[in-house]
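# Structural overview
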Amino acid sequence: MQALTLVELLVVIIIIGIVSVTAAPALFGRGGFTQQTFQAELISALRVVQQRAMQDTTQACYGINFQTNQVRPDLCGAAVAAERIIVVPDENSLATVGSLTNLANGFRFNSLGCPVSTNHSLTTPELCGQSAVEITLTGPNSRSVCVQSQGYIRAGACN
């Protein structure tokens, strides 16, 4: 039977200490968890709506609508299932930054997957490169999602 040396025990204790210091806030901090979940759900919803806009070029109405306490996909007037509506966590607020018209209420994607204003339609199409859109969840731990002007969607602030 082999026993652990003092050095091996110290290494194991140090590794457990490092893991607990880095993982504990993510696991036990409720605010950070809900905001991280919101960010992941928002990125997923944005990518789904963007894909629909790119696949269905006969309509120009796929986008995201912002309301006081929720983010709702806009699927060209089709009913949206309750599980697709993203609720803003308590004690948080949602802010948007960008130069698209009426951005506070939402935006759309064009057939190339770029963010455009809610004025975008088949008769008045808007082109790529107008503006990046930054969506920030502000609260105990802020989280941001960036939709770059060419359509790339990622976690973090737009720079």
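## Focus on the overall build of the protein chain
Across its full length, the protein chain carries two helices and nine strands. Helices and strands appear in the protein chain in the N-to-C order α-α-β-β-β-β-β-β-β-β-β. Relative to the compact-globule value of 15 Å for 159 residues, the protein chain shows a C-alpha radius of gyration of 21 Å, a clear excess of over 25%. With respect to the principal axes defined by its C-alpha atoms, the protein chain has extents near 80 × 30 × 30 Å. Of all 159 residues assigned to the protein chain, the portion counted as buried reaches 35%. Taking all contacts inside the protein chain whose residues are at least 6 apart in sequence as the whole, residues at least 24 apart take part in 53%. Taking the average location of the 8 positive side-chain charges in the protein chain and that of its 9 negative ones, the two points are 4 Å from each other.

## Topic: the nonpolar core
Within the largest apolar cluster, 26 residues are counted, with the highest numbers of intra-cluster contacts made by L42, L46, F107 and F109. At the level of secondary structure, the elements contributing two or more residues to this core comprise α2 (30–55), β1 (62–67), β2 (70–75), β5 (106–109), β7 (133–138) and β8 (143–147). Considering each element in turn, this core owes the most residues, seven residues, to α2. L42 has contacts with V71, I86, I135 and V145, leaving out every residue within four places of it along the chain.

## Remarks on the state of the cysteines
In protein chemistry, a disulfide is the covalent bond that joins the sulfur atoms of two cysteines. According to the stated counting rule, one finds three disulfides in the structure shown. A disulfide bridge connects C61 with C76, and the sulfur atoms are separated by 1.9 Å. Where C61 bonds to C76 through sulfur, the torsion about that S-S bond is close to 120°, and the disulfide is right-handed. Of this pair, C61 sits in the loop between α2 and β1 while C76 sits in the loop between β2 and β3 (86–87); the two residues are 15 residues apart in sequence, bridging distant segments of the chain. Judged by its relative accessible area of 17%, C61 falls in the buried class. Residue C76 is classed as partly exposed on the basis of its relative accessible area, which comes to 21%. The disulfide bridge from C146 ends at C158, spanning 1.9 Å between sulfur atoms. An S-S torsion of about 115° defines the bridge between C146 and C158 as right-handed. Highlighted residues: C146 in strand β8 and C158 in the segment after β9 (153–155), separated in sequence by twelve residues. The exposure class of C146 is buried, given its relative accessible area of 1%. For C158, a relative accessible area of 22% gives the class partly exposed.

Reading the values: the criteria
Residues numbered from 1 in each chain as written. Predicted model: local features only at pLDDT ≥ 70, side-chain atom pairs only at ≥ 80, totals over all residues. Heavy atoms only, no water. Helix = DSSP H or I, 4+ residues; strand = E, 2+ residues; numbered from the N terminus. Rg over C-alpha atoms; globule rule 2.2 N^0.38 Å. Buried < 20%, exposed > 50% of the residue type's maximum accessible area, 1.4 Å probe, protein only. Contact = heavy atoms within 4.5 Å. Lys, Arg positive; Asp, Glu negative; His and termini not counted. Charge placed at Lys NZ, Arg CZ, Asp CG, Glu CD. Core = buried A, V, L, I, M, F, W, Y, C linked by side-chain atoms within 4.5 Å. Disulfide = S-S within 2.5 Å.

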